Structure formats: C-alpha cells, structure tokens
Amino acid sequence: MTCRERILSNDYADILGDVILTGDYEYDLPFDYCFHQITQDLGVLYIERSATENYRMGQRAYSLTPKCYGLMEYDRESVLRAAQAGNLNTLSMAESGILAVQGEPLNLTGKNVTIGFIDTGIRYQEDVFRDLAGRSRIVGIWDQTIQTGTPPEGFEYGSEYTNEMINEALVSDNPLGIVPSTDANGHGSVMASLAAGSPIENGSFTGAAPDCQIAVVKLKEAKQYLKDYYKIPPGVPCYSEADIMLAIQYLQRYALLLTRPLVICLGIGTSLGDHTGGSLLGNYLNYVSTQKSRVSVVAGGNEGNSAHHFFGSTSERELYQDVELRVGENEKGFIMELWGDAPYFYNAVIRTPGGETARWNNPRSYIPQEFTFVYERTRIVIEYQLVESLSGAEVIRFRFSDPTQGIWNIRINSEGSAAGGQFDIWLPVSDFLSSDTYFLESSPYTTITEPGYVHSAVTVAGYQLSNNSIAVFSGRGNARDNYIVPDIAAPGVGISTPFGDRSGTSVAAAITAGGCAQLMEWAVVNRNDILANSVNIKNYLIRGAERDGFLEYPNREWGYGRLDVAGVFEFLAGTGRGV
C-alpha cells in the first residue's frame with residue numbers, strides 16, 4: 001500500500017506527534033505506517049487503526065489524536081434577522097480603516113504579499129479573483145480532496161494547481177477539465193473575497209487587499225473514524241487537525257518559494273482543548289507566526305451565546321458543584337470535556353433524566369471506563385488523563401452515545417489533600433451539536449475557539465456595524481489561564497460578499513487578514529519594519545484600534561478595540577515616527 005493510500009484510508013489512524021522518523025530511520029516498527037515530517041521534531045504518523053486501540057486517551061494520546069474543526073460561519077437565518085440598509089462590504093472596509101489606506105498617500109493594497117486560506121476551497125473562475133487583464137491572482141491551490149493530479153512537492157496526497165494551470169483553465173471552454181477544484185460550500189470563497197477580492201460591480205465591492213496574491217488549501221474532510229469518535233453529525237463539515245497542520249506547512253513553503261510576506265487566515269475552530277493554545281496545532285501555528293514576514297489571523301469562534309461552557313468551583317465548604325445539562329430530542333451523541341489544574345482532581349456522579357446514576361471515582365488511570373443504564377439506552381465512556389502532556393492539566397472526556405432527552409445532572413466533586421479549585425467544561429461547537437443541547441447555567445466567557453488562544457496569532461471577535469455592538473454569537477475571552485483574547489474586533493454581521501451576505505467571526509477574521517496584508521506591505525515590502533511578524537502586526541493593530549471612552553480595555557468581548565488600519569498610521573504619525 002502506498003503512503004497516499006494509507007493517508008486516505010479510514011483503516012489508518014492519523015497520529016500527531018513530536019517524533020522523528022526520517023528516511024534513514026534504522027529500526028522496524030511493529031506496525032504498518034507512513035510518516036510525514038512537518039518540522040524537525042513534529043510530524044503526522046499514519047498507522048493501522050488496530051495498532052492504536054491500546055493507547056487511546058493514554059498517557060499522551062489526548063494530544064496525539066487529531067481534533068475535528070468546524071467552520072466559524074454563523075447560521076444564515078441570523079443574517080436575515082440582522083439585515084441592515086446599505087452596502088455592508090464598503091461600510092465595513094471604511095469603518096475598519098481599510099479604504100482610507102488603500103488610497104493616497106499610502107496606497108496599501110497588499111502588493112507583493114500573499115494571503116493563504118485554509119478552508120473549503122475557492123471558486124477560482126469568479127471575477128473577484130482576477131486582475132484587470134482577466135488573469136487569476138491565485139498563485140496556487142492545493143486541493144486535498146482530489147487524488148487524480150500531482151500532489152505538491154514534499155506531500156503525498158491531494159492535487160496542486162499552479163497559476164499557469166488556473167489561467168489555462170480560465171480561457172478554456174471546459175475550465176473544470178483542467179483545474180477541477182471548486183468550492184461547493186462557498187465559505188472559503190467568501191473568506192478570500194473579503195480579504196483579497198478584486199473590485200467588482202462598479203466599486204460596490206472590494207476586498208481589503210485587492211492586489212495581494214492568493215494561495216488556497218482546500219481541506220479534505222476528516223476520516224469517518226474520527227467523525228464517529230467525536231460524534232460529528234452526518235453532513236456537517238469537519239476537518240482533521242492533521243490536515244490543517246499540513247496545510248499550514250504548505251503555505252509556509254509557498255511563502256519561502258515566493259520570498260514574500262505571508263498572512264495565514266483561519267476561519268475554522270473547535271471547542272475541544274485546554275483553551276490556552278497548548279495543542280500541537282497551536283504550538284506549530286505559534287512557531288510559524290513568530291517567524292519574520294508571517295502573520296496568522298484566527299476567527300474567535302461563534303460560541304458566545306451557545307451556552308456550551310460551564311465554569312465551576314469547589315471549596316473546603318462546598319466540595320461539589322452540580323452541573324445541569326439539557327439534552328435535546330434529536331441528539332445522537334456528543335463529547336464533553338472537563339479541564340482542571342493541579343493540585344486538585346475531580347470525580348463525577350452522573351444522574352440521568354430518569355433518575356439512574358453512575359458514579360465515576362477518579363481512578364488516576366488511563367484506562368477508559370464505560371457506563372450503561374438499565375432503563376435507558378445511553379452509553380457513556382469516560383476517558384481520563386491526570387496530566388495532559390502539553391498543558392499539564394487534568395482532562396476528563398465524557399463520550400455520550402444515544403443520550404436520553406431531558407435534564408442531566410453531573411455532580412463534580414474535588415478530593416485529595418487539597419480540596420477545592422476551579423474547573424471548566426466545554427461542549428462541542430454549535431455545528432457539531434443539536435441546538436437544544438446546552439448547560440442550564442452557562443458562562444459566556446472563555447468561549448473563544450481553538451486555535452484562537454495562540455499567543456502570537458491575531459484573534460478576532462465580530463461586531464455589528466449598525467450599532468457598534470459586539471455580535472451576540474462572538475466568542476468571549478479570556479483564556480483559561482487568563483491570557484487576554486480576543487485581540488481585536490472587526491465587522492462580522494450581515495457583511496455583503498459576491499456570494500451573498502454572511503455573518504460570523506470567520507468573516508471578521510477575513511477582513512482583518514486583508515488589513516494585516518496592508519500592514520505587511522507597509523512594514524516588509526516597503527521596508528518600514530522588515531523584521532515584522534505576527535506579534536509585531538498584532539501590536540500595531542492594538543495601538544491603532546478604535547476604543548470607546550465608556551469601556552475599559554482590554555476586555556473579554558472586544559479585546560483592545562475595533563479594527564482600524566488607518567488608526568495605526570495616525571498613531572505612528574502622532575509619535576513622530578511618520579509613515
């Protein structure tokens with residue numbers, strides 16, 4: 001079996017790891033495998049699933065098992081409810097200070113900067129992705145879903161389509177016969193148009209950086225075994241952490257080849273994880289973002305009003321706290337994670353809507369425990385890690401199958417020499433869960449989705465232009481360790497695009513990514529700050545952000561304020577540095 005076949009086969013598991021298996025590795029492993037190296041000490045191992053059954057959620061298996069990421073677009077019905085008068089593309093670009101710096105004297109339009117999108121693909125035939133001569137501004141597409149073409153150099157699956165191939169397709173009677181990649185979902189095309197789209201329709205639409213280059217990775221969907229493990233509903237887009245990491249590596253290599261600044265735009269996220277940015281994806285994104293001429297922009301997620309986060313605490317007086325979880329009628333299954341820090345550790349007593357109970361006494365063991373009930377079909381598997389390898393935190397994962405509709409009570413109690421402490425519980429992102437499943441006493445805070453907690457990334461909240469209010473769905477900070485997120489807020493409700501009006505923090509992230517490309521043109525291309533990276537650009541945005549006098553900053557909703565690219569240069573001029 002070839003490496004490509006192993007990567008694509010549902011019989012092979014994707015395993016993330018900080019391991020090295022180079023071509024001159026001298027020892028035979030006791031299983032069939034394929035290995036893709038990402039960095040010197042990070043890679044993806046594809047091995048037969050039968051060889052992984054003994055260590056799932058074992059000592060290191062939490063970080064090794066890729067998480068599933070969903071799209072951070074808010075539901076379309078909300079767009080209709082939030083419909084506003086006027087062109088919300090032009091208005092959003094103006095309010096974000098983007099149009100002001102596109103014109104004289106700065107003329108910042110993303111020239112000689114590349115924006116990379118890791119998403120659902122791109123509709124490359126659209127005028128919004130062409131220059132005035134009708135040629136494509138897309139320098140490359142790696143379509144992970146198509147296996148009939150040639151993969152990018154150094155990768156084993158998918159098909160790469162170059163700028164030359166795309167331009168050949170554009171003048172063909174059958175473009176898809178030459179470049180068959182497309183975007184059936186439309187989310188990736190929306191992202192690319194807002195960040196990097198060319199002006200169309202007599203000036204009624206323009207992207208933030210209309211002269212930048214565009215690079216695209218169309219993610220393949222996660223393997224079915226991962227969807228089954230994470231209880232992902234049928235038909236819902238879901239992407240593996242492993243494929244996302246390889247997509248970042250592809251964009252990084254592309255930027256090195258072009259020797260141009262790179263802005264990576266991520267409109268995807270997950271509610272699983274430690275909510276401090278400590279995943280392998282987070283670590284890799286942080287590594288790339290701290291390199292010069294690199295910026296990562298991440299959507300803050302749409303979980304602010306989902307009631308999918310519970311914050312609890314215990315004390316010497318109150319050794320337990322009851323968590324009430326409402327499960328909807330059509331819920332087939334879901335995962336729930338509890339995270340807590342040393343020195344405390346936790347037990348759980350689960351009571352079903354029918355009154356049956358299951359007691360999980362913390363075994364401090366990595367062996368999963370399964371609970372079934374006499375009068376209900378529900379099955380619960382609890383997987384445990386006392387010290388999660390990357391964060392050091394305790395994590396308890398509850399996997400519900402066929403949960404009974406109604407109110408569940410989970411009593412969380414702390415034990416040990418030090419009684420007390422605080423804990424957080426998260427349900428999956430809204431697309432992965434029935435809308436009728438939520439915590440009765442939830443917290444809207446610490447609802448930014450991963451990888452929005454990566455310290456070097458620019459994490460973006462969404463707000464509504466009509467009244468300058470934070471979007472009701474926008475994820476809120478701070479991180480579980482109190483690190484400040486989000487960094488900035490950008491327009492994210494009912495924004496006009498060539499593909500319809502869209503809402504979500506992914507939309508806000510796309511607008512911000514275009515603004516970052518403008519700043520990278522000024523900083524690196526125009527040689528005003530040639531060592532600029534994601535951390536530098538984030539701090540430029542913070543200094544230029546628009547802030548209201550009646551709020552204290554930073555705060556959990558807005559971060560440091562509203563995106564204002566023009567404000568960055570007003571700040572610089574005010575300091576005497578000049579532009």
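As a reminder, the structure under discussion sits directly above these lines.
Residues numbered from 1 in each chain as written. Predicted model: local features only at pLDDT ≥ 70, side-chain atom pairs only at ≥ 80, totals over all residues. Heavy atoms only, no water.

**Student:** Even after reading the chapter, I still don't get the packing of helix α8 (residues 187-196) against helix α12 (residues 505-525), so can you show me in this structure?
**Tutor:** Two quantities define a packed helix pair, namely the angle between the axes and the distance from one axis to the other. For the pair α8 and α12, interaxial distance at closest approach is 7 Å and the crossing angle is 35 degrees. Judged by the twist between their axes, the crossing of α8 over α12 is right-handed. In contact with H187, M191, L194 and A195 of α8, α12 contributes S506, V507, A510, I511, A513 and G514. The residue makeup of the contact of α8 with α12, split by class, is 7 nonpolar, 3 polar and no charged. (Axes fitted to C-alpha atoms, helices over the stretch in contact; angles between N-to-C directions. Helix = DSSP H or I, 4+ residues; strand = E, 2+ residues; numbered from the N terminus. Left-handed = near helix turned anticlockwise from the far one by under 90°. Contact = heavy atoms within 4.5 Å. Nonpolar A, V, L, I, M, F, W, Y, C, P; charged D, E, K, R; others polar.)

**Student:** Explain the nonpolar core to me, please; I cannot follow it from the model alone.
**Tutor:** Soluble globular proteins tend to bury their nonpolar side chains together. Membership of the largest hydrophobic core comes to 99 residues, with the highest contact counts inside it found for V263 and F569. The contact partners of V263, leaving out residues within four places of it in the chain, are V113, T114, I115, G116, V295, V297, A513, C516, A517 and M520. In terms of nonpolar packing, the next biggest core, distinct from the first, is built from 41 residues, I118, V217, Y239 and A255 among them. (Core = buried A, V, L, I, M, F, W, Y, C linked by side-chain atoms within 4.5 Å. Buried < 20%, exposed > 50% of the residue type's maximum accessible area, 1.4 Å probe, protein only.)

**Student:** Where do I start with helix α13 (residues 534-544) in this structure?
**Tutor:** Each full turn of the α-helix corresponds to 3.6 residues, which orients residues three or four apart in the same direction. Within α13, the full set of buried residues consists of S534, I537, K538, Y540, L541, I542 and G544. Close packing links the buried residues of α13 with α11 (280-289), β12 (294-299), β24 (458-464), β26 (488-491), α12 and α14 (565-574). Near the N-terminus of α13, the side chain that reaches the backbone nitrogen of V535, with its oxygen 3.1 Å away, is that of N533. (Polar contact = N/O pair within 3.5 Å; in protein donor to acceptor, adjacent residues only side chain to side chain.)

**Student:** What is the right way to read the pattern of salt bridges from this model?
**Tutor:** Where charged atoms from two side chains of opposite charge approach closely, those side chains can pair. A complete count under the given rule lists 14 salt bridges for this structure. A salt bridge links D243 to K220, with the nearest nitrogen and oxygen atoms 3.1 Å apart. With D243 in helix α10 (residues 241-258) and K220 in the loop between β8 (213-218) and α9 (224-229), this residue pair connects regions lying 23 residues apart in the sequence. The same class applies to D243 and to K220, which are both buried. Taking the shortest distance from any N to any O, the salt bridge between R562 and D548 comes out at 2.9 Å. (Salt bridge = Lys/Arg side-chain N within 4 Å of Asp/Glu carboxyl O.)

**Student:** Just to check I follow, could you spell out the packing of aromatic side chains for this structure?
**Tutor:** With the rule as written, the count across this model stands at 20 aromatic pairs. Note on Y62 and W339: the rings are 5.3 Å apart at their centroids and 85 degrees apart in plane angle, and the pair reads as edge-to-face. Residue Y62 is located in helix α2 (residues 61-64), and its partner W339 is located in strand β15 (residues 333-340); the two are separated by 277 residues in the primary sequence. A relative accessible area of 4% means that Y62 is categorised as buried. The exposure class assigned to W339 is buried, which follows from its relative accessible area of 1%. Aromatic rings pair up to connect W142, F155, Y157, Y250 and Y254 into one cluster. Over the face of the ring belonging to F345 we find R364, whose NZ or CZ atom lies 4.3 Å from the ring centre. Positioned above the aromatic ring of W558, the side-chain terminus of R562 is 5.9 Å from the ring centre. (Phe/Tyr/Trp six-rings, centres within 6.5 Å; stacked < 30°, edge-to-face > 60°. Lys NZ or Arg CZ within 6 Å of the ring centre and 35° of its normal.)

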